[in-house]
Amino acid sequence: MEVGQVRQRRLSDDIVDQLGAMILEGTLKAGERLPAERALAEQFGVSRPSLREAIQKLVAKGLLVSRQGGGTFVASGLGSTFSDPLLQLLENNPDAQRDLLEFRHTLEGSCAFYAAQRATSVDHERLKAAFDTLQACYAPDSKASREEEGAADARFHLAIAEASHNAVLLHTIRGLFDLLKHNVVTNIGGMYLQRGETREMLTKQHLALYEAIIERRAEEAREISHLHIQYVQEVLEESQLEVQRLARSQRRQGI
């Protein structure tokens, strides 16, 4: 039997693997600047030439971007599931908004399920911070704008995705973050007009979801997430039907 030579693995390849894992798990986020070369070399316990070689390899793969005199960054386009022009089409299309809610139904339910099973104490702290920010938006004396509330809502769901420890779910949610935020902002505006109890219902639903995850009730967390999206769908469908009825009435009167 002919045996080939065993190729010795370079230290830079190990660094590439470690940095790649940090990007994949979300420790290093798209657009984030890496620590200074000296600090990063000390963190990994490697020489600066080996680190530099690893960074060059990741730049060649499109995972990192080096800026002359400005440091090294995780590529900002990572995880962008949709291009900006397509995002604009989706944002302004009522059917696409419905499709996004259906997509969220499946995606966020899975995130909640796995977050309840896998979240660490650090995840719980981050989730609590995101939850507290969202609850502050719901407070009677809150001066938060609709955009700020929508962003807080989207960040809460992103924190759940991070706590799921599923890289595919996390990067899908991250890639859709702007679309998700816009979807929430659009939804809450119509929902508040349609039903007076909407703010109270959303407050209760998010609290129930948060508690189920923290208390590791996985199946219940998934069910609460599903019920939350179903409620949003139900209220929005009512609102759309109301708009359609009003439009028909106006046409009949020649308005």
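The structure under discussion appears in the preceding block.
Residues numbered from 1 in each chain as written. Predicted model: local features only at pLDDT ≥ 70, side-chain atom pairs only at ≥ 80, totals over all residues. Heavy atoms only, no water.

With respect to the packing of aromatic side chains
Thought 1: Using the criterion set out here, one finds 3 aromatic pairs in the structure.
Thought 2: Arranged with centres 5.2 Å apart and planes meeting at 80°, the rings of Phe-113 and Tyr-114 form a pair that is edge-to-face.
Thought 3: Taking the relative accessible area as the measure of exposure, Tyr-114 reaches 27% and is therefore partly exposed.
Thought 4: Note on Phe-131 and Phe-156: the rings are 5.9 Å apart at their centroids and 50° apart in plane angle, and the pair reads as tilted. With a gap of 25 residues between them, Phe-131 in helix H6 (residues 121–138) and Phe-156 in helix H7 (residues 146–163) connect regions that are remote in the sequence.
Thought 5: Look at Phe-156 and you get buried, because its relative accessible area is 0%. (Phe/Tyr/Trp six-rings, centres within 6.5 Å; stacked < 30°, edge-to-face > 60°. Buried < 20%, exposed > 50% of the residue type's maximum accessible area, 1.4 Å probe, protein only. Helix = DSSP H or I, 4+ residues; strand = E, 2+ residues; numbered from the N terminus.)

Considerations on the side chain of Thr-72
Thought 1: Looking at the secondary structure, you find Thr-72 in strand E2 (residues 71–74).
Thought 2: Residue classification places Thr-72 among the buried positions, given a relative accessible area of 16%.
Thought 3: Looking at Thr-72, its side chain comes within polar contact range of the side chain of Ser-66, at 3.4 Å.
Thought 4: With residues up to four places along the chain from it excluded, the contact list for Thr-72 reads Glu-32, Arg-33, Leu-34, Ile-55, Leu-64, Val-65 and Ser-66. (Polar contact = N/O pair within 3.5 Å; in protein donor to acceptor, adjacent residues only side chain to side chain. Contact = heavy atoms within 4.5 Å.)

Looking at unusual backbone geometry
Thought 1: Phi is positive for His-165, which is not a glycine, with a value near 55°.
Thought 2: Considering the arrangement of structural elements, one finds His-165 in the loop between H7 and helix H8 (167–175).
Thought 3: With a relative accessible area of 46%, His-165 lands in the partly exposed category.
Thought 4: Phi angles above zero are rare outside glycine, and Arg-216 is one such case at about 60°.
Thought 5: The topology assignment puts Arg-216 in the loop between helix H10 (198–214) and helix H11 (218–252).
Thought 6: The class for Arg-216 is partly exposed, based on a relative accessible area of 42%.

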